[in-house]
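Chain by chain, the residues:
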Amino acid sequence: TLSKLSSTVGSPPRFITLAVDGWTGQKYGAKNTNTIALYAGVSYLLWSDKNSDDIDSAGSYLFPLLQKQINFLLENNIIISSLTTDNASNMIQLGTRLYQIPQQGKAILHISCSAHTIQLIIEKIVDLKPIETYIQEALKLLDAFTTAEGKKYRILLRKYQLNNDIKNPLKLIMYNQTRWLSRLHSIERLCKLKCAIQFISLNGGNDERKGLSIARLDNWWSKVINVVIPFLSVFQKAMNVVQSDTSSLCDL
(Lines give C-alpha, C1' and ligand atoms only; values in the text may rest on other atoms or scores of the structure.)
Protein backbone atom coordinates (compact mmCIF):
# COMPACT_ATOMS: atom_id res chain seq x y z
CA THR A 1 0.00 0.00 0.00
CA LEU A 2 2.71 2.46 0.99
CA SER A 3 4.65 1.83 -2.23
CA LYS A 4 1.59 2.87 -4.24
CA LEU A 5 1.29 6.13 -2.33
CA SER A 6 4.85 7.25 -1.65
CA SER A 7 7.04 9.23 -4.01
CA THR A 8 10.82 9.36 -4.06
CA VAL A 9 12.72 12.13 -2.33
CA GLY A 10 13.23 14.98 -4.76
CA SER A 11 10.03 14.17 -6.65
CA PRO A 12 6.82 16.12 -6.08
CA PRO A 13 5.10 14.81 -2.94
CA ARG A 14 1.81 12.91 -3.00
CA PHE A 15 -1.11 14.80 -1.51
CA ILE A 16 -3.67 12.49 0.06
CA THR A 17 -6.79 12.65 2.21
CA LEU A 18 -6.97 10.61 5.39
CA ALA A 19 -10.26 9.11 6.58
CA VAL A 20 -10.38 8.10 10.25
CA ASP A 21 -13.14 6.18 11.97
CA GLY A 22 -13.71 3.96 14.96
CA TRP A 23 -14.97 0.44 14.32
CA THR A 24 -16.23 -2.20 16.75
CA GLY A 25 -16.43 -5.87 15.83
CA GLN A 26 -19.37 -7.09 17.93
CA LYS A 27 -18.54 -10.74 17.29
CA TYR A 28 -15.03 -10.51 18.70
CA GLY A 29 -15.44 -7.54 21.02
CA ALA A 30 -12.57 -5.68 19.36
CA LYS A 31 -12.51 -1.91 18.96
CA ASN A 32 -10.27 -0.40 16.32
CA THR A 33 -9.37 3.00 14.97
CA ASN A 34 -8.97 2.65 11.21
CA THR A 35 -6.92 5.07 9.12
CA ILE A 36 -7.61 5.03 5.39
CA ALA A 37 -5.82 6.95 2.64
CA LEU A 38 -7.82 8.38 -0.26
CA TYR A 39 -5.72 9.05 -3.36
CA ALA A 40 -6.61 9.37 -7.04
CA GLY A 41 -10.06 7.90 -6.51
CA VAL A 42 -8.78 4.80 -4.68
CA SER A 43 -8.89 4.02 -0.94
CA TYR A 44 -6.10 2.24 0.92
CA LEU A 45 -6.32 0.87 4.47
CA LEU A 46 -3.11 2.03 6.16
CA TRP A 47 -3.58 1.15 9.81
CA SER A 48 -6.08 -0.50 12.14
CA ASP A 49 -5.13 0.24 15.72
CA LYS A 50 -6.83 -1.78 18.45
CA ASN A 51 -7.84 0.11 21.58
CA SER A 52 -10.04 -0.44 24.61
CA ASP A 53 -13.49 1.06 25.07
CA ASP A 54 -12.28 3.69 27.52
CA ILE A 55 -9.42 4.91 25.32
CA ASP A 56 -10.73 7.04 22.48
CA SER A 57 -10.23 10.64 23.58
CA ALA A 58 -8.76 13.16 21.17
CA GLY A 59 -6.02 14.39 23.49
CA SER A 60 -4.62 11.20 25.02
CA TYR A 61 -5.21 8.74 22.18
CA LEU A 62 -6.38 9.96 18.76
CA PHE A 63 -4.10 12.99 18.35
CA PRO A 64 -0.83 11.19 19.33
CA LEU A 65 -1.81 8.23 17.15
CA LEU A 66 -2.56 10.34 14.06
CA GLN A 67 0.45 12.58 14.62
CA LYS A 68 2.70 9.51 14.64
CA GLN A 69 1.06 8.20 11.47
CA ILE A 70 1.32 11.57 9.71
CA ASN A 71 5.02 11.85 10.60
CA PHE A 72 5.58 8.41 9.11
CA LEU A 73 3.83 9.43 5.90
CA LEU A 74 5.82 12.67 5.70
CA GLU A 75 9.03 10.64 5.88
CA ASN A 76 7.79 8.87 2.74
CA ASN A 77 7.10 12.16 0.93
CA ILE A 78 3.33 11.91 1.47
CA ILE A 79 1.52 15.06 2.57
CA ILE A 80 -1.97 15.04 4.10
CA SER A 81 -4.12 17.76 2.61
CA SER A 82 -7.33 16.94 4.45
CA LEU A 83 -8.88 14.71 7.07
CA THR A 84 -12.42 13.33 7.01
CA THR A 85 -14.17 11.91 10.09
CA ASP A 86 -17.65 11.49 11.49
CA ASN A 87 -19.23 14.15 13.72
CA ALA A 88 -18.43 12.59 17.10
CA SER A 89 -16.99 15.14 19.55
CA ASN A 90 -13.63 13.36 19.85
CA MET A 91 -13.25 13.36 16.04
CA ILE A 92 -14.13 17.06 15.83
CA GLN A 93 -11.48 17.81 18.48
CA LEU A 94 -9.00 15.64 16.58
CA GLY A 95 -9.54 17.67 13.40
CA THR A 96 -9.01 20.93 15.30
CA ARG A 97 -5.74 19.75 16.80
CA LEU A 98 -4.34 18.21 13.59
CA TYR A 99 -5.00 21.51 11.84
CA GLN A 100 -2.27 23.01 14.01
CA ILE A 101 0.50 20.37 13.91
CA PRO A 102 3.88 22.07 13.37
CA GLN A 103 5.14 19.57 10.78
CA GLN A 104 2.74 20.84 8.12
CA GLY A 105 1.59 24.12 9.56
CA LYS A 106 -2.07 25.09 9.56
CA ALA A 107 -2.83 23.17 6.42
CA ILE A 108 -4.95 20.08 7.14
CA LEU A 109 -8.56 20.75 6.18
CA HIS A 110 -11.03 18.85 8.39
CA ILE A 111 -14.13 17.60 6.56
CA SER A 112 -17.06 16.06 8.41
CA CYS A 113 -18.51 12.99 6.69
CA SER A 114 -21.44 14.19 4.57
CA ALA A 115 -23.38 10.94 4.95
CA HIS A 116 -23.06 11.08 8.74
CA THR A 117 -24.09 14.73 8.72
CA ILE A 118 -27.25 13.87 6.81
CA GLN A 119 -27.95 11.06 9.26
CA LEU A 120 -27.85 13.60 12.10
CA ILE A 121 -30.13 15.97 10.19
CA ILE A 122 -32.63 13.14 9.69
CA GLU A 123 -32.46 12.30 13.39
CA LYS A 124 -33.54 15.85 14.27
CA ILE A 125 -36.30 15.94 11.65
CA VAL A 126 -37.89 12.66 12.67
CA ASP A 127 -38.03 13.83 16.27
CA LEU A 128 -40.95 15.99 15.16
CA LYS A 129 -44.47 14.93 16.01
CA PRO A 130 -46.39 12.98 14.83
CA ILE A 131 -43.74 11.16 12.72
CA GLU A 132 -41.65 10.40 15.79
CA THR A 133 -44.64 8.82 17.55
CA TYR A 134 -45.32 6.35 14.75
CA ILE A 135 -41.63 5.49 14.37
CA GLN A 136 -41.24 4.79 18.09
CA GLU A 137 -44.39 2.63 18.09
CA ALA A 138 -43.04 0.64 15.13
CA LEU A 139 -39.69 0.15 16.89
CA LYS A 140 -41.45 -1.03 20.07
CA LEU A 141 -43.38 -3.53 17.97
CA LEU A 142 -40.07 -4.78 16.54
CA ASP A 143 -38.53 -4.93 20.01
CA ALA A 144 -41.38 -7.19 21.15
CA PHE A 145 -39.84 -9.88 18.92
CA THR A 146 -36.47 -9.67 20.71
CA THR A 147 -37.68 -10.75 24.16
CA ALA A 148 -37.82 -14.32 25.43
CA GLU A 149 -41.52 -14.42 24.50
CA GLY A 150 -40.64 -12.73 21.23
CA LYS A 151 -38.65 -15.77 20.11
CA LYS A 152 -41.93 -17.70 20.11
CA TYR A 153 -43.47 -14.94 18.00
CA ARG A 154 -40.73 -15.39 15.40
CA ILE A 155 -41.50 -19.09 15.13
CA LEU A 156 -45.19 -18.28 14.74
CA LEU A 157 -44.30 -15.69 12.11
CA ARG A 158 -42.61 -18.35 10.02
CA LYS A 159 -45.36 -20.92 10.57
CA TYR A 160 -48.03 -18.45 9.47
CA GLN A 161 -46.22 -17.81 6.21
CA LEU A 162 -45.65 -21.50 5.53
CA ASN A 163 -49.29 -22.30 6.31
CA ASN A 164 -50.33 -19.68 3.77
CA ASP A 165 -48.19 -21.20 1.00
CA ILE A 166 -45.51 -18.52 1.14
CA LYS A 167 -42.53 -20.44 -0.22
CA ASN A 168 -39.86 -18.00 0.93
CA PRO A 169 -40.88 -16.78 4.41
CA LEU A 170 -39.58 -13.32 5.31
CA LYS A 171 -37.74 -12.52 8.51
CA LEU A 172 -37.95 -9.29 10.44
CA ILE A 173 -35.10 -6.87 9.82
CA MET A 174 -33.86 -5.32 13.05
CA TYR A 175 -32.69 -1.72 13.03
CA ASN A 176 -29.26 -0.31 13.91
CA GLN A 177 -29.58 2.33 16.62
CA THR A 178 -26.81 4.52 15.18
CA ARG A 179 -27.94 4.31 11.56
CA TRP A 180 -31.15 6.25 11.20
CA LEU A 181 -32.15 4.97 7.79
CA SER A 182 -31.93 1.38 8.99
CA ARG A 183 -35.25 2.15 10.65
CA LEU A 184 -36.80 2.57 7.23
CA HIS A 185 -35.71 -0.91 6.13
CA SER A 186 -36.97 -2.39 9.39
CA ILE A 187 -40.36 -0.67 9.13
CA GLU A 188 -40.75 -1.61 5.45
CA ARG A 189 -40.21 -5.28 6.30
CA LEU A 190 -42.56 -4.94 9.26
CA CYS A 191 -45.32 -3.75 6.92
CA LYS A 192 -44.72 -6.63 4.51
CA LEU A 193 -45.43 -8.94 7.44
CA LYS A 194 -48.53 -7.05 8.55
CA CYS A 195 -50.99 -9.94 8.07
CA ALA A 196 -48.76 -12.41 9.89
CA ILE A 197 -48.11 -10.05 12.79
CA GLN A 198 -51.80 -9.21 13.14
CA PHE A 199 -52.64 -12.91 13.18
CA ILE A 200 -50.09 -13.53 15.95
CA SER A 201 -51.33 -10.55 17.98
CA LEU A 202 -54.96 -11.74 17.79
CA ASN A 203 -54.30 -15.43 18.50
CA GLY A 204 -52.59 -15.46 21.83
CA GLY A 205 -54.87 -17.96 23.48
CA ASN A 206 -55.27 -17.09 27.13
CA ASP A 207 -52.29 -14.76 27.02
CA GLU A 208 -52.74 -11.09 26.22
CA ARG A 209 -49.89 -10.13 23.92
CA LYS A 210 -49.52 -6.54 25.04
CA GLY A 211 -46.31 -5.97 23.11
CA LEU A 212 -48.21 -6.61 19.87
CA SER A 213 -51.37 -4.67 20.71
CA ILE A 214 -50.59 -1.79 18.32
CA ALA A 215 -50.57 -4.30 15.44
CA ARG A 216 -54.32 -4.84 15.85
CA LEU A 217 -55.11 -1.29 14.70
CA ASP A 218 -55.65 -1.03 10.94
CA ASN A 219 -55.52 2.76 11.15
CA TRP A 220 -52.04 2.58 12.66
CA TRP A 221 -50.78 0.43 9.80
CA SER A 222 -52.34 2.82 7.32
CA LYS A 223 -50.43 5.77 8.81
CA VAL A 224 -47.14 3.88 8.81
CA ILE A 225 -47.54 2.65 5.22
CA ASN A 226 -48.93 5.86 3.71
CA VAL A 227 -47.14 8.52 5.76
CA VAL A 228 -44.05 7.29 7.62
CA ILE A 229 -42.49 5.18 4.86
CA PRO A 230 -42.94 7.79 2.08
CA PHE A 231 -41.54 10.45 4.45
CA LEU A 232 -38.38 8.47 5.23
CA SER A 233 -37.96 7.30 1.63
CA VAL A 234 -37.18 10.86 0.55
CA PHE A 235 -34.12 10.87 2.80
CA GLN A 236 -33.09 7.44 1.59
CA LYS A 237 -32.94 8.79 -1.97
CA ALA A 238 -30.75 11.67 -0.80
CA MET A 239 -28.42 9.28 1.04
CA ASN A 240 -28.14 7.01 -1.99
CA VAL A 241 -27.03 9.95 -4.11
CA VAL A 242 -24.51 11.26 -1.58
CA GLN A 243 -22.97 7.85 -0.90
CA SER A 244 -22.74 6.72 -4.53
CA ASP A 245 -19.34 6.31 -6.16
CA THR A 246 -20.24 8.99 -8.71
CA SER A 247 -21.39 11.65 -6.23
CA SER A 248 -20.01 15.16 -6.67
CA LEU A 249 -19.77 18.33 -4.60
CA CYS A 250 -22.89 19.48 -6.43
CA ASP A 251 -24.75 16.41 -5.10
CA LEU A 252 -23.60 17.23 -1.56
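Not measured: the values here are computed from a predicted model.

Caption draft 1: Quick look at the packing of helix H2 (residues 58-75) against helix H3 (residues 89-98). Axis separation between H2 and H3 bottoms out at 10 Å; the angle between their running directions is 50 degrees. If you check the angle between H2 and H3, you find them oblique. The hand of the H2/H3 crossing is right-handed. Contacts between H2 and H3 involve Ala58, Gly59, Leu62, Phe63, Leu66, Gln67 and Ile70 on the former and, on the latter, Asn90, Met91, Gln93, Leu94, Arg97 and Leu98.

Caption draft 2: How the structure looks around unusual backbone geometry. Going from lysine 129 to proline 130, the amide bond is cis rather than trans, its omega being 5 degrees. You can see proline 130 is positioned in the loop between helix H4 (114-125) and helix H5 (131-143). A positive phi angle, close to 55 degrees, is found at alanine 40, a residue other than glycine. Inspection of the secondary structure puts alanine 40 in the loop between strand E2 (30-39) and strand E3 (42-50). Given the relative accessible area of 66%, alanine 40 is considered exposed. Unusually for a residue other than glycine, aspartate 165 sits at a positive phi of about 60 degrees. Tracing the backbone through its elements, the reader meets aspartate 165 in the loop between helix H6 (148-163) and helix H7 (182-192).

Caption draft 3: The arrangement of the pattern of salt bridges in detail. Scanning the entire structure with this criterion turns up two salt bridges. Between lysine 129 and glutamate 132 there is a salt bridge, with its nearest N and O atoms 3.3 Å apart. Its relative accessible area of 61% is what places lysine 129 among the exposed residues.

Caption draft 4: Spotlight on H2. Here H2 contains 18 residues, and its C-alpha end-to-end distance of 24 Å stays within 8% of the 26 Å for a straight helix at 1.5 Å per residue. Burial in H2 covers these residues: Ala58, Tyr61, Leu62, Phe63, Leu65, Leu66, Gln69, Ile70 and Leu73. Projected onto a plane normal to the axis of H2, the buried residues spread over an arc of 165 degrees and lie on a single side. Away from its buried face, by an angle of more than 90 degrees, H2 presents the exposed residues Ser60, Lys68 and Glu75. The positive-phi residue at the C-terminal boundary of H2 is asparagine 77, with phi of around 60 degrees.

Analysis parameters
Residues numbered from 1 in each chain as written. Predicted model: local features only at pLDDT ≥ 70, side-chain atom pairs only at ≥ 80, totals over all residues. Heavy atoms only, no water. Axes fitted to C-alpha atoms, helices over the stretch in contact; angles between N-to-C directions. Helix = DSSP H or I, 4+ residues; strand = E, 2+ residues; numbered from the N terminus. Parallel < 35°, antiparallel > 145°, perpendicular 65-115°, else oblique. Left-handed = near helix turned anticlockwise from the far one by under 90°. Contact = heavy atoms within 4.5 Å. Buried < 20%, exposed > 50% of the residue type's maximum accessible area, 1.4 Å probe, protein only. Salt bridge = Lys/Arg side-chain N within 4 Å of Asp/Glu carboxyl O. Expected span 1.5 Å × (residues − 1). Arc of directions from axis to C-beta.

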